Amino acid sequence: MTTTLTQATSRRLSTAKAMVEAISQEMDADPSVFVLGEDVGAYGGIFSSTTGLLDKFGPTRVRDTPISESAFIGLAIGAAVEGMKPIAELMFVDFMGVCLDQMYNHMAKIHFESGGNVSVPMVLTTAVGGGYSDGAQHSQCLWGTFAHLPGMKIVAPATPYDAKGLMTAAIRDPGPVVYMFHKGVMGLPWMAKNSRSIGPVPEESYEIEIGKANVARQGDDVTIVTVSLSVHHALDVADDLAAEGISCEVIDLRSIVPLDREAIRASVAKTGRLVVVDEDYLSFGLSGEVVASVVENDPSALRSAPVRVAVPDVPIPYAHVLEYAVLPTPARIAAAVRQVVGG
């Protein structure tokens, strides 16, 4: 388990700009890296994930594609197999259904099926998350779905610093990495304000090891394990509950695959209590895997039953009030912490 990384810089970027900087630096360093997807060129990605790359590298290395996810992700897989390093953007993770065969039966399996002789060094980037009344087909996270399918690494940054370091690591990884960015952490001016979506980011290139969690806040009474936007909610809750004398330790997983089980266990061994916050569906997903990582190893580490705060097993509603009724809001997280501490 790692503690909060030193960010010795006064330079501040949004998460979106940190992502773009990592991609740009890797494209400068390696001519085999290129970007493709819908609206990644002149538009710069609908969540500003590729802004400015077309102007710098031109249409040969930043390619707008037709609305055919199966085709351009298949193209990226073929390019990766032939030695290039594509970054393919699936505009919303909800669109995985139209190209799942390419991702799971090819991108994720080629290395295994070739006996390790063929690598697929590509990054699949995709926007996740709700909170903006985008409806049932544009608001899911689904990292639990991807994580259930072996052969891919899965990362989900919460901060600008992690966004750059994880993107650099993902591009340099010899296998397929799914890079899932939450709309709510991107620091876009036209979305809900998030004070932590703009933060210190070193100018030089650096990597954050995939599979290593981060202690976003030290605490003694309860461990909150979470990822992506929910890290911000958990930190806000920890600030509020400190006034009540409740000390929360917040673990930012950063990677879903590999999952840093040792970091989770070490924190729970200290606090004795566990709350898992996950903006994915409750059943058969990440939240259950985190709990299992603890109870299968040492159930005596828990002084009270763990609590999961996740999306109930229903489609994400469009209506704002109904959407926020199912999302893991700070109010739900605070209630869960009080429950485990009281228990």
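Notes on the structure in this doc start here.

Reading the values: the criteria
- Residues numbered from 1 in each chain as written.
- Predicted model: local features only at pLDDT ≥ 70, side-chain atom pairs only at ≥ 80, totals over all residues.
- Heavy atoms only, no water.
- Buried < 20%, exposed > 50% of the residue type's maximum accessible area, 1.4 Å probe, protein only.
- Helix = DSSP H or I, 4+ residues; strand = E, 2+ residues; numbered from the N terminus.
- Pairing = 2+ DSSP bridges.
- Right-handed = clockwise from strand over helix to strand, strands pointing away.
- Axes fitted to C-alpha atoms, helices over the stretch in contact; angles between N-to-C directions.
- Expected span 1.5 Å × (residues − 1).
- Contact = heavy atoms within 4.5 Å.
- Salt bridge = Lys/Arg side-chain N within 4 Å of Asp/Glu carboxyl O.

What follows concerns the pairing of strand 10 (residues 222-226). The buried fraction of strand 10 amounts to five of the five residues, a majority that puts the element mostly inside the structure. Residues Val222, Ile224 and Thr226 line one face of strand 10 and the alternating positions Thr223 and Val225 line the opposite face, and both faces are buried. Bridge analysis of strand 10 against strand 11 (residues 248-252) gives five bridges, and the strand direction is parallel. When the bridges of strand 11 are listed, Val222 appears paired with Cys248. What joins strand 10 to strand 11 is helix 8 (residues 229-242), and the crossover it makes is right-handed.

Across the sheet, five strands lie side by side as 9-11-10-13-14; this open sheet has mixed pairing. Each edge of the open sheet is held by one strand with a lone partner, namely strand 9 (214-217) and strand 14 (307-311). Strand after strand, the sheet turns through a mean of 25° between neighbouring axes, direction not considered. Inspection of the sheet shows strand 13 (residues 274-281) paired to strand 14 by five bridges, in the parallel sense. Opposite Val276, over in strand 14, you have Arg308 as the bridge partner.

With 13 residues, helix 7 (residues 160-172) should cover 18 Å at 1.5 Å per step; its first-to-last C-alpha distance of 19 Å lies within 8% of that length. Of all 13 residues making up helix 7, twelve are buried, and the element is well covered by its neighbours. Pro160, Tyr161, Asp162, Ala163, Lys164, Gly165, Leu166, Met167, Thr168, Ala169, Ala170 and Ile171 are the residues of helix 7 that are buried.

Here the focus is the sheet that holds strand 4 (residues 85-92). Ordered by their spatial adjacency, seven strands build an open sheet running 3-2-4-5-7-6-12, and the pairing between neighbours is mixed. What marks the edges here is a single partner per strand, and that holds for strand 3 (62-64) and strand 12 (255-257). Taken over all neighbouring pairs, the strand axes of this sheet differ in orientation by 20° on average, direction set aside. On the sheet, helix 1 (residues 15-29) packs against strand 2 (33-37), strand 3, strand 4 and strand 7 (177-182) and is oriented at approximately 135° with respect to strand 2.

Another point: the pattern of salt bridges. For the coordinates displayed, the defined rule picks out 16 salt bridges. A salt bridge links Lys164 to Glu21, with the shortest nitrogen-to-oxygen separation between them at 2.7 Å. Here the residue Lys164 occupies a position in helix 7, and Glu21 occupies one in helix 1, the gap between them amounting to 143 residues. Just as Lys164 is buried, Glu21 falls in that class too. For the salt bridge of Arg261 with Glu289, the shortest nitrogen-to-oxygen distance reads 2.9 Å. Taken together, the residues span a long stretch of sequence, with Arg261 in helix 9 (residues 261-271) and Glu289 in helix 10 (residues 286-295) at a distance of 28 residues. By relative accessible area, which is 30% here, Arg261 ends up partly exposed. Overall, Glu289 belongs to the partly exposed group, its relative accessible area being 36%.

For the peptide bond that leads from Val257 to Pro258, omega is -5°, which places it in the cis range. Looking at where Pro258 falls in the secondary structure, it is placed in the loop between strand 12 and helix 9. Positive phi is not limited to glycine here, since Ser228 has a value of about 60°.

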